[in-house]
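Now for the letters of each chain:
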Amino acid sequence: MKKPLLWALAVVCAGLIPLLIPGNKPEKRAADSSAALRERSSGFERYEIKNIEHPISAAGSDGSDFAPNLATVPSQPELEPVPEDTAILGPQRPDTRELELDTEKSITPNSNKPVEGKVAYLTFDDGPSLSTPRILQILNEYEVKATFFVIGKTSEESKRQLKNIVNQGHALGNHTFTHNYNQIYKSAEAFKADVDRLDRFLEETVGVKPEVLRYPGGSNNQLSWRAGGRNVMKTITREMSKLGISYFDWNVSSTDAAAPVQDKQSIIDSVISNSAGKSKIIVLMHDMDLKTTTVAALPAVIAHLKSQGYRFEVLRKNSFTYQFLKP
Ligand SMILES: [Zn+2]
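The structure contained in this document is the topic of the report that follows. These numbers come from a predicted model, not from an experiment. (Residues numbered from 1 in each chain as written. Predicted model: local features only at pLDDT ≥ 70, side-chain atom pairs only at ≥ 80, totals over all residues.)

**Quick look at the overall build of the chain**
Convention followed: Numbering of helices and strands starts at the N terminus; helices are DSSP runs of H or I of at least 4 residues and strands are runs of E of at least 2. With C-beta atoms placed from the backbone, a residue is buried if 20 or more other C-beta atoms are within 10 Å of its own, exposed if 12 or fewer are, and partly exposed between those counts. Contacts are defined on C-beta atoms placed from the backbone: any two residues whose C-beta positions lie within 7 Å are in contact.
Counting its regular elements, the chain contains twelve helices and eight strands. For the chain, with 327 residues in total, the buried portion stands at 37%. Across the chain, the fraction of contacts at a sequence separation of at least 24, relative to all contacts at a separation of at least 6, is 81%.

Take a look at the structure:
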């Protein structure tokens, strides 16, 4: 009776010995690293929620008449985006970016060579704009395809740019015709009508009906609450999903909407840090007249992602997706 008990005690004590040696606590280290990464990740996502995706347009026709005081809005846990693939936050991942970059390099000694499974989807919202020609030129120089979530701009120059986007092999996504939060987020019916309007315009203009959709402000935006109430995004995403319409938020923000003209280096650094450790990334950028630093940062952004082994694809209906709000 006593012998097995003693053996059990001995085994338990032996198991504790490594934990008594400083710096030799793998589980705790892993937990720390995981917590730190998760905090960093959720901090970034919170930031996304609190910052209007499109400060220019939101400050204009579609958002100027209200400025929600987000500090007074109780947090809604169900609106918090779920961290991507928690497996990558586990102990096998180094917890510093430098280490991460080293690891990537060791996997891809020949830089710019795609690593199997690593895909980057560059996305540009709110175009076409004066920035479109330069964005297309850079994408062409780097032989990279991207997805443009466009809105209803009907000038002849805009139509020309829409044609250029399609003719150069990029994808068009629907970002609603009016991009007017007060209008589109009144109800699922109002939202659908606006999406259909852009579909019709694009079919008439370039003969293409977008396969993919991005909600202005993202699927968990709180700016919709004023127009349609707190549950309106849930209702809209559910109704759109029933219709088989795929929507795409992002898991890498370039932070180019954090300021009217964001610092170029901040855009580059944000993409570098927000993409670290992710094998599939949807990168949020903007195609707007004022976003000159997005254009200026684009070559470095693409060069970095290539050096990390990403290949570039356009978003299709069944592509990898990242959704803040699950329909
Ligand atoms: Zn937008």
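**Some words on helix α8 (residues 188-206)**
Rules: Multiplying 1.5 Å by the helix residue count minus one yields the expected span of that helix.
Under the 1.5 Å per step criterion, the end-to-end length of α8 is 27 Å for 19 residues, consistent within 8% with the ideal 27 Å. Looking at the buried side of α8, the elements it contacts are α6 (156-167), β3 (171-174), α7 (181-184), β4 (212-213) and α10 (232-242). Positive phi appears at glycine 207, one or two residues downstream of α8, with a value of about 70°.

**So, the packing of helix α5 (residues 132-141) against helix α12 (residues 292-307)**
Going by this rule: Axis angles are defined between N-to-C directions and span 0 to 180 degrees, where every axis is a line fitted to C-alpha atoms and, for a helix, only to the segment in contact. Under this scheme an angle from 65 to 115 degrees is roughly perpendicular, one under 35 degrees roughly parallel, and one over 145 degrees roughly antiparallel; angles in between are oblique. Residues are grouped as follows: Ala, Val, Leu, Ile, Met, Phe, Trp, Tyr, Cys and Pro are nonpolar; Asp, Glu, Lys and Arg are charged; every other residue, Gly included, is polar.
For the pair α5 and α12, interaxial distance at closest approach is 10 Å and the crossing angle is 5°. As far as their axial angle goes, α12 and α5 are roughly parallel. Residues Arg134, Ile135 and Ile138 of α5 lie in contact with α12, whose contacting residues are Val295, Leu298 and Pro299. Looking at the contact of α5 with α12 residue by residue, the classes come out as five nonpolar, no polar and one charged.

**So, unusual backbone geometry**
The omega angle of the peptide bond from glycine 127 to proline 128 is 0°, so this bond is cis rather than trans. Tracing the backbone shows proline 128 in the loop between β1 (119-125) and α5. Even without being a glycine, aspartate 126 presents a positive backbone phi close to 80°. Position of aspartate 126 relative to the elements: it lies in the loop between β1 and α5. With 26 C-beta atoms packed within 10 Å, aspartate 126 lands in the buried category. Phi is positive for glutamate 143, which is not a glycine, with a value near 55°.

**Section: the environment of glutamate 211**
Residue placement: glutamate 211 occurs in the loop between α8 and β4. Assessed through the 18 C-beta atoms surrounding it within 10 Å, glutamate 211 is described here as partly exposed. Taking the C-alpha atoms as reference points, glutamate 211 and alanine 171, 40 residues apart in sequence, are found 8.6 Å from one another. Those residues in contact with glutamate 211 that sit more than four places away from it in its chain are Arg316 and Lys317.

Taken by themselves, the reported measurements are silent on function.
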